[in-house]
Every structure is written in C-alpha cells, then in structure tokens.
Amino acid sequence: MNQKSILIVGAGLGGIAAAAHLAQRGLHVTVLEKNARPGGRCDHFSRDGHHFDTGPTLFIMPHVYEDEFAALGTSLHSMLDLQRVDPTYRLVFDDGSHLALTSDLKAMEDQLEAIEPNSFEGFLRYMDEGHRHYREAMEHLVNRDFRTAGEFFNLRNVPLIFSLKPFSRHYDHMSAYFDEPRLKSAFTFQDVYMGLSPFEAPATFSMMPYTEMAHGVWYPKGGLYRVVEALMEIARQTGVEFAFDTAVKQIELNCTRAKGVILEDGQHLTADAVLANADLPYVYQNLLPSDGQAEQLAHKRYSCSVISFFWGVDRPYTALGPHTLFLADDYRANFDEIIRDLTLPTNPSLYIHAPARLDPAMAPAGEDTLIAVVPVGHMNEHEDQDWKALVKQARQAVFRRLELLGITDLDAHIKFETCFTPLSWRKRYNLARGSTHGLCHNLMQLGYFRPSNRHARYHNLYFVGASTHPGTGMPTALISARLAAQRVVEDFGISLN
Ligand SMILES: Cc1cc2nc3c(=O)[nH]c(=O)nc-3n(C[C@H](O)[C@H](O)[C@H](O)COP(=O)(O)OP(=O)(O)OC[C@H]3O[C@@H](n4cnc5c(N)ncnc54)[C@H](O)[C@@H]3O)c2cc1C
C-alpha cells in the first residue's frame with residue numbers, strides 16, 4: 001500500500017540501470033522514453049543484413065561492468081558473450097606507419113623500439129602510472145559522490161593532488177615517457193572520449209590508455225546494443241514499466257518538491273520522486289523553470305561532437321581491422337579546430353569500425369559493414385555551421401585516409417549510406433549542442449564540480465547520466481545509476497542490502 005513511486009525521464013543506460021536498482025528496492029518505477037526503443041546514445045539500426053551500432057563501439061573498463069552487473073544481482077558474463085579485441089586498435093599515422101596496440105608485450109616492444117629507441121621502457125613506466133591513476137581515481141573520484149564541499153576539499157584528498165597529477169597537462173606530461181610525437185598521440189587520443197583535448201586534459205587521464213591496454217577492449221557478440229538488451233531484461237524482470245514514444249514536456253514542481261511530469265500530449269503523471277536521465281543541460285533548459293541554473297550550465301564547457309557514416313558495402317575490406325584509428329600529424333591543430341573553432345579539422349584524425357571482423361553476422365556473407373567516425377566541433381550557439389559542406393569534407397577525408405591502407409575504391413562499393421551530424425545527435429537524444437559526450441571533463445567539471453545526482457533545491461528530483469556525476473561513457477553511466485539510486489533509497493529511508 002505504501003509503495004513509493006518514481007518516474008524516470010529517459011531510457012538511456014543510466015535510466016534503465018537506475019530503474020532496475022530502484023525496482024529491486026521495492027519502488028514502483030515507470031520509465032518514460034521519447035524514442036521508440038531504449039538505449040539513448042547507445043543505439044543501433046539494421047538494413048539489408050548490415051547491423052550498425054550508431055553510438056558506442058568500444059566496450060572498455062570491463063571490471064566496472066562486472067561490478068555493476070553484480071550490483072544488479074546478476075553476472076555480466078552470464079548475460080553477454082564477450083570477446084577480447086586484441087590488438088585493440090590499429091593506429092595509422094600520416095606517413096603510413098602503423099602501431100597495433102596489443103597486450104602482447106613482446107610485439108609492443110618490437111613496434112615501439114622501431115618508432116623510438118628505448119621507448120618500451122617509457123611505455124612500461126607510463127602504464128605503471130596509468131595503473132596508479134586508474135586505481136586511485138576510481139576509488140576516490142569516480143565510485144563515490146560528493147554531497148558536500150567538505151567531502152571533496154578534505155585533507156585526506158590532498159595526496160591525490162600529487163599522485164593524480166590533475167594540474168599537469170596530459171600531452172606535456174608525455175615528455176616524461178616519449179619524445180616521438182606519434183607515441184605521444186598514440187597514448188593520449190583517448191582524452192577525446194572525455195570531450196577533451198590532450199593539450200588541456202589533466203594527466204590523470206593516463207588511466208584510459210592504461211585500462212584499454214591492461215583490462216582490454218571487448219566486444220559483445222551481436223554488438224554493443226546487447227548491453228542495452230541485457231539491462232532491459234534485468235529491469236523488466238524486476239517489474240520496471242516502460243513507456244516508449246512518450247516525450248516529457250515539463251517536470252512539475254511546487255516550492256520545494258517535484259510532483260511529477262507533464263507529457264507532450266498534455267497528460268499529468270504524479271510520483272513521489274522524479275529521476276531525469278535525459279541529458280542534464282537539456283533538462284535544465286527545457287523541462288525545468290528558468291531559475292539561473294540553465295544559464296550557468298550554458299557557460300560550462302561541452303564535449304565535441306562527431307560526424308558518423310554508416311555504410312553497407314558490397315564487398316569485404318579485410319585490410320581494415322575491427323578498430324582503425326588514423327591519427328593526424330597536426331595533432332594539436334586538430335584539437336584546436338574542433339574545440340576552439342567548433343569546426344572540422346583540415347586534416348582530421350578519424351576512426352573506422354568494422355564490426356564484421358569481430359562478429360561475421362554483422363554483415364551479409366561476402367559484404368561488409370563499416371562505420372566511420374570523424375570528430376568535429378559541437379553546434380555553435382552564435383553562428384550556424386554549414387553541416388552539408390562539413391559532411392562532404394568529412395567523407396572525402398575518410399576516403400583520403402583509406403588510401404594509406406591501399407583502399408581506393410570504397411566509394412564505388414557503398415550500397416547505402418546513413419550519416420549522423422551534431423544536428424542528428426541533438427534531435428534524436430536531446431543532446432545540448434549536439435555534443436556527443438555532454439559536459440566535458442575538464443578540472444572544473446569533475447568530482448564535486450560536476451553536476452550532482454540530486455537537485456540542490458528540489459530534494460526528490462534526481463539526475464543520472466553522462467553530464468552528471470561521475471561522467472560520460474557506458475560503464476560510467478552504470479556507476480551514475482547506482483549512485484543516484486543509492487541517493488533515492490537513502491532519502492526514502494529504504495534500507496540498503
Ligand atoms: C557517437 C558516440 C560514441 C560513443 N562511444 C562510446 C564508446 O565507444 N564506449 C563508451 O563506453 N561510451 C561511448 N559513448 C558514450 C555513451 O554512449 C554515453 O555516455 C552513454 O550511453 C550515456 O548514457 P546516459 O545514461 O547519459 O543516457 P542517454 O544516452 O543520454 O539517454 C537519455 C535518454 O533520454 C531520452 N530523452 C531525452 N529527452 C527526453 C524527454 N523529454 N522525454 C523522454 N525521454 C527523453 C533520450 O531519447 C535518451 O533515450 C559514445 C557516445 C556517442 C554519442
């Protein structure tokens with residue numbers, strides 16, 4: 001009779017996982033999703049036997065998934081058929097040289113020494129530091145929330161300033177390990193996943209190349225959308241109700257509390273609490289009354305965006321491994337053009353994913369499924385970008401880069417093309433400025449400074465997802481969900497198992 005109810009706005013990874021946690025604690029949970037299917041940015045589509053993951057393609061930080069699935073009462077490995085991708089990436093540089101990032105240390109040694117003598121020793125030291133950063137950052141910054149300033153600005157956290165190197169810039173810091181610019185870029189490009197340039201990212205983020213090398217990059221059979229399906233199975237088993245094609249227009253409030261939501265069709269729904277999984281800046285700008293916070297968020301830094309091409313191709317391109325990354329020599333200019341000028345770099349670094357190398361069922365026999373991702377600035381609030389022209393430029397950049405691998409005929413073998421631009425990201429998932437990773441992760445938007453999982457004024461209004469604490473990425477969305485759910489059950493006085 002006294003069952004508490006919660007409405008969740010959005011069925012992204014954070015929304016689904018939080019729903020499952022809360023239903024397991026006895027809450028009546030309803031998830032309202034504007035799209036026809038769950039997953040948010042972790043989306044997919046199929047056409048003529050070609051299967052595309054349109055958002056994430058890299059399953060990284062496997063231990064986080066293991067822990068979070070365990071926290072949901074199940075085992076990751078019982079739900080997903082995972083294979084390790086090794087080499088993880090094949091990096092291709094402008095001069096045509098290659099580097100395959102692999103857990104095979106002998107192969108790494110041979111490749112690194114050929115690029116820069118004595119660099120293998122630097123690589124081992126860098127991995128050692130990455131290991132420390134990963135361990136300490138996960139324990140002290142990622143896996144916990146900061147409810148008061150005192151919990152963050154605390155004498156106990158002072159050693160982290162020295163050990164995590166938050167004030168050293170990642171790229172500059174690489175000089176301690178390598179001289180060769182190709183190696184500096186090979187072990188810093190991952191900062192773009194945080195929405196940052198390595199020229200501004202804290203050196204703390206050496207934890208990302210470390211986890212990719214040490215814990216591996218994995219692939220669930222059937223593609224990354226299998227993660228969404230697995231979470232949906234858990235959520236449905238716990239009794240969560242989902243309403244798709246159901247857009248929320250407004251979160252209803254009284255002086256101090258959230259009362260419920262108003263849907264686009266005018267329906268009012270009430271609940272004891274509301275949890276917003278839709279991208280946080282969008283929620284403040286569109287679903288909550290204007291009270292100055294939306295303006296504050298508008299002044300924060302947003303991550304970049306991407307132009308993505310999804311190609312069904314009538315022949316296989318086996319010269320392409322599962323994950324190929326073309327890294328530009330003008331590495332710094334690339335980030336400046338994306339982050340400062342909000343445009344497409346003249347000679348962009350770019351990424352190509354060939355899922356059929358990992359799971360042949362992702363393409364029809366004798367054909368291929370290719371995804372090309374070209375990072376680009378997010379939408380400019382002050383001046384429209386010419387997306388049609390930028391898409392054309394990005395497409396040409398992909399074809400030009402493929403020539404380095406001897407692929408010169410892709411254009412002629414494309415059966416169909418689908419393309420996403422920042423306008424698509426905004427329209428499909430309500431991402432502010434079409435920014436694919438939401439608020440970026442610079443120092444002033446991390447830890448205590450990152451928007452919290454609970455509203456400061458409306459104490460039964462909660463937030464989960466990429467632009468909230470702890471940040472972007474699929475595994476992080478699962479942590480965010482657990483932290484937000486924990487906050488709800490504590491506020492409701494429900495005992496934790
Ligand atoms: C191109 C791309 C590549 C990526 N690559 C990787 C990768 O390789 N590895 C990785 O770990 N991460 C990757 N990420 C990041 C990862 O996908 C996200 O961080 C994560 O999926 C975000 O989950 P979320 O919980 O914030 O929810 P979101 O995905 O933001 O979902 C929010 C949901 O809310 C819904 N919604 C919005 N407004 C409303 C409304 N008014 N009413 C109802 N519903 C609403 C949306 O439709 C959406 O379904 C990538 C992201 C993108 C876009």
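Scroll up to find the structure this text is about.
Fair warning: this is a prediction, and the values are worked out from it, not measured in the lab.

**With respect to the overall build of the protein**
When its secondary structure is counted, the protein shows 18 helices and 19 strands. Over its C-alpha trace the protein gives a radius of gyration of 22 Å, about what one expects of a compact globule, namely 23 Å for 497 residues. The C-alpha extent of the protein, read off along each of the three principal axes, is 70 × 55 × 50 Å. For the protein, the share of sequence-separated contacts (at least 6 apart) that also reach a separation of at least 24 residues comes to 73%.

**Some thoughts on the sheet that holds strand S14 (residues 305-313)**
If you trace the 7 strands from one edge of the open sheet to the other, you get S7-S6-S15-S16-S17-S14-S18, paired in mixed fashion. The two strands at the open ends of the sheet, each matched to only one other strand, are strand S7 (98-100) and strand S18 (414-420). Ignoring which end each strand starts from, the neighbouring axes of this sheet average 20 degrees apart. Pairing of S14 with S18 involves 6 bridges; the strand directions are antiparallel. Pairing of Gly312 across the sheet is with Phe416, part of S18.

**Quick notes on the nonpolar core**
Formed by 63 residues in total, the largest nonpolar core has its most connected members in Leu91, Leu99, Leu101, Phe123, Phe187 and Phe189. Of all the elements, helix H5 (residues 119-142) adds the most residues to this core, at 8 residues. Every residue in contact with Leu99, bar those within four places of it in the chain, is listed here: Tyr89, Arg90, Leu91, Phe93, Gln111, Leu112, Ile115, Leu183 and Ala186. Ala23, Leu82, Tyr219 and Val240 belong to the second-largest nonpolar core, a separate cluster that totals 51 residues.

**Quick notes on the site of the ligand**
For the ligand, the set of nearby residues contains 37 residues, the closest of which are Gly14, Glu33, Arg41, Tyr282 and Gly473. Contacts to the ligand include Lys34, whose backbone N or O atom sits 3.1 Å from a nitrogen atom. Relative to its unbound accessible area of 1000 Å², the ligand is 95% covered by the protein chains. Put simply, the parts of the chain that give the shell around the ligand at least two residues each are helix H1 (13-24), helix H17 (422-429) and helix H18 (474-491). Here the residues of the shell around the ligand sort into 17 nonpolar, 16 polar and 4 charged.

**Observations regarding helix H12 (residues 280-287)**
The buried count for H12 comes to 6 of 8 residues, which makes it a mostly enclosed element. Turning to H12, its buried residues are Leu280, Pro281, Tyr282, Val283, Tyr284 and Leu287. Of the surrounding secondary structure, the elements contacted by the buried residues of H12 are strand S1 (5-9), strand S10 (248-253), strand S13 (273-276), helix H13 (293-298) and strand S19 (461-463).

**As for unusual backbone geometry**
A cis geometry characterises the amide bond from Asp86 onward to Pro87, with omega recorded as 0 degrees. Among the structural elements, Pro87 can be located in the loop between strand S5 (82-85) and strand S6 (90-93). Residue Pro470 is bonded to the preceding His469 through a cis peptide linkage, with omega at 0 degrees. Mapping Pro470 onto the fold places it in the loop between S19 and H18. If you check the backbone angles, Asp48 has positive phi at about 50 degrees while not being a glycine. When you line up the elements, Asp48 lands in the loop between strand S3 (44-47) and strand S4 (50-53). With a phi angle near 50 degrees, Leu342 is a residue other than glycine that sits in the positive phi range. Within the secondary structure layout, Leu342 lies in the loop between helix H14 (331-340) and strand S16 (350-353).

**Some thoughts on the side chain of Asp279**
Residue position: Asp279 is located in the loop between S13 and H12. Residue classification places Asp279 among the buried residues on the basis of a relative accessible area of 3%. Separated by 3.5 Å, the side chains of Asp279 and Arg41 make a polar contact.

Conventions and cut-offs
- Residues numbered from 1 in each chain as written.
- Predicted model: local features only at pLDDT ≥ 70, side-chain atom pairs only at ≥ 80, totals over all residues.
- Heavy atoms only, no water.
- Helix = DSSP H or I, 4+ residues; strand = E, 2+ residues; numbered from the N terminus.
- Rg over C-alpha atoms; globule rule 2.2 N^0.38 Å.
- Contact = heavy atoms within 4.5 Å.
- Pairing = 2+ DSSP bridges.
- Axes fitted to C-alpha atoms, helices over the stretch in contact; angles between N-to-C directions.
- Core = buried A, V, L, I, M, F, W, Y, C linked by side-chain atoms within 4.5 Å.
- Buried < 20%, exposed > 50% of the residue type's maximum accessible area, 1.4 Å probe, protein only.
- Near = heavy atom within 4 Å.
- Polar contact = N/O pair within 3.5 Å; in protein donor to acceptor, adjacent residues only side chain to side chain.
- Areas by Shrake-Rupley, 256 points an atom, 1.4 Å probe, with all protein chains shown as cover.
- Nonpolar A, V, L, I, M, F, W, Y, C, P; charged D, E, K, R; others polar.

So far we have only geometry, and geometry alone does not tell us how the molecule works.
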